[in-house]
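Here are the chains, one letter per residue:
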Amino acid sequence: MTRRIPLLLGTAALAAAAIGPATAGAATTLTGTVGPGFTITLKGPHGAKVTSLKAGSYRVVVNDQSAIHDFHLSGPGLDKTTAVPFKGKSTWNVTVKKGTYTYVCDPHKSMMHGSFSVS
Ligand SMILES: [Cu+2]
C-alpha cells in the first residue's frame, strides 16, 4: 500500500495560490520599494514577494527611496512610473489583466528588475 504525503500536496497548493483583488471594501495593497541601495521589490499584503496575481484592481503603494532610481511597472494595459529624481511615496490604483507584468528601475534595469504573472 502506498503512503500519501499530504504535506507535499499542501505545499504545492500554497505555492500556486495567487493574490487576489478585494471583492468589497478597501483594495488589496501591493507595496513597491526601490532603493536606497540597488534593490527593487514588489510585495503583497503579507510581505511576500509578488509572483502571481489574479486579474483585477489593486492599489500599488510605491516607496521610491532614491533620487537615482525609478519604479516602473508595466504590462498589458498598464505603464506607470515614478520619475528618476523623485523620492517619496506614490499611490497608484491599477487594473491588471492576464499576462506578464514587469517592474524595473529604468537606469539599472539589467540588475534591478522583477516580474509577476496574472491569471
Ligand atoms: Cu536604479
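Residues numbered from 1 in each chain as written. Predicted model: local features only at pLDDT ≥ 70, side-chain atom pairs only at ≥ 80, totals over all residues.

**Q** Got a minute to help me understand the sheet that holds strand β2 (residues 40-43) in this structure?
**A** Hydrogen bonds between backbone atoms are what pair the strands of a sheet, whose relative direction is either parallel or antiparallel. With mixed pairing, the four strands of this open sheet are ordered in space as β2-β1-β4-β7. Each edge of the open sheet is held by one strand with a lone partner, namely β2 and β7 (88-96). This sheet shows a mean twist of 20 degrees between the axes of neighbouring strands, independent of strand direction. The pairing of strand β1 (residues 29-34) with strand β4 (residues 56-64) spans six bridges and is parallel. Within the sheet, the bridge partner assigned to Thr 31 lies in β4 and is Val 61. (Pairing = 2+ DSSP bridges. Helix = DSSP H or I, 4+ residues; strand = E, 2+ residues; numbered from the N terminus. Axes fitted to C-alpha atoms, helices over the stretch in contact; angles between N-to-C directions.)

**Q** Just to check I follow, could you spell out the nonpolar core for this structure?
**A** General note: in soluble globular proteins, nonpolar side chains tend to be found buried as a group. Residues Ile 40, Phe 71, Tyr 103 and Cys 105 are the most contacted members of the largest nonpolar core, which totals 18 residues. Within the residue set of this core, elements represented by two or more residues are β1, β2, β4 and β8 (99-104). Not counting residues within four places of it along the chain, the set of residues in contact with Phe 71 comprises Gly 32, Val 34, Ile 40, Val 62, Asp 64, Thr 81, Thr 82, Tyr 103 and Cys 105. (Core = buried A, V, L, I, M, F, W, Y, C linked by C-beta atoms within 7 Å. Buried ≥ 20, exposed ≤ 12 C-beta atoms within 10 Å, placed from the backbone. Contact = placed C-beta atoms within 7 Å.)

**Q** Got a minute to help me understand the confidence of the model for the protein chain in this structure?
**A** Interpretation of this model should avoid reading the predicted coordinates in detail wherever pLDDT is low. Scored by pLDDT, the protein chain comes out at a mean of 90, with 87% of its residues at no less than 70. Confidence drops under a pLDDT of 50 for residues 8-13, and excluding neighbours within four residues, the segment shows zero contacts in the predicted structure. (pLDDT = per-residue confidence, 0-100.)

**Q** Sorry if this is basic, but what is going on with the environment of Arg 59 here?
**A** Note that Arg 59 resides in strand β4. Placed 33 residues apart in sequence, Arg 59 and Ala 26 show a C-alpha to C-alpha distance of 9.0 Å. Among all residues touching Arg 59, those that are not within four sequence positions of it are Ala 27, Thr 29, Thr 91 and Asn 93.

**Q** Explanation requested: the environment of Tyr 103 in the structure shown.
**A** You can see Tyr 103 is positioned in strand β8. C-beta crowding within 10 Å serves as the criterion here: with 26 such atoms nearby, Tyr 103 is assigned to the buried category. When the C-alpha positions of Tyr 103 and Ile 40 are compared, they lie 8.1 Å apart, and in sequence the two are 63 residues distant.

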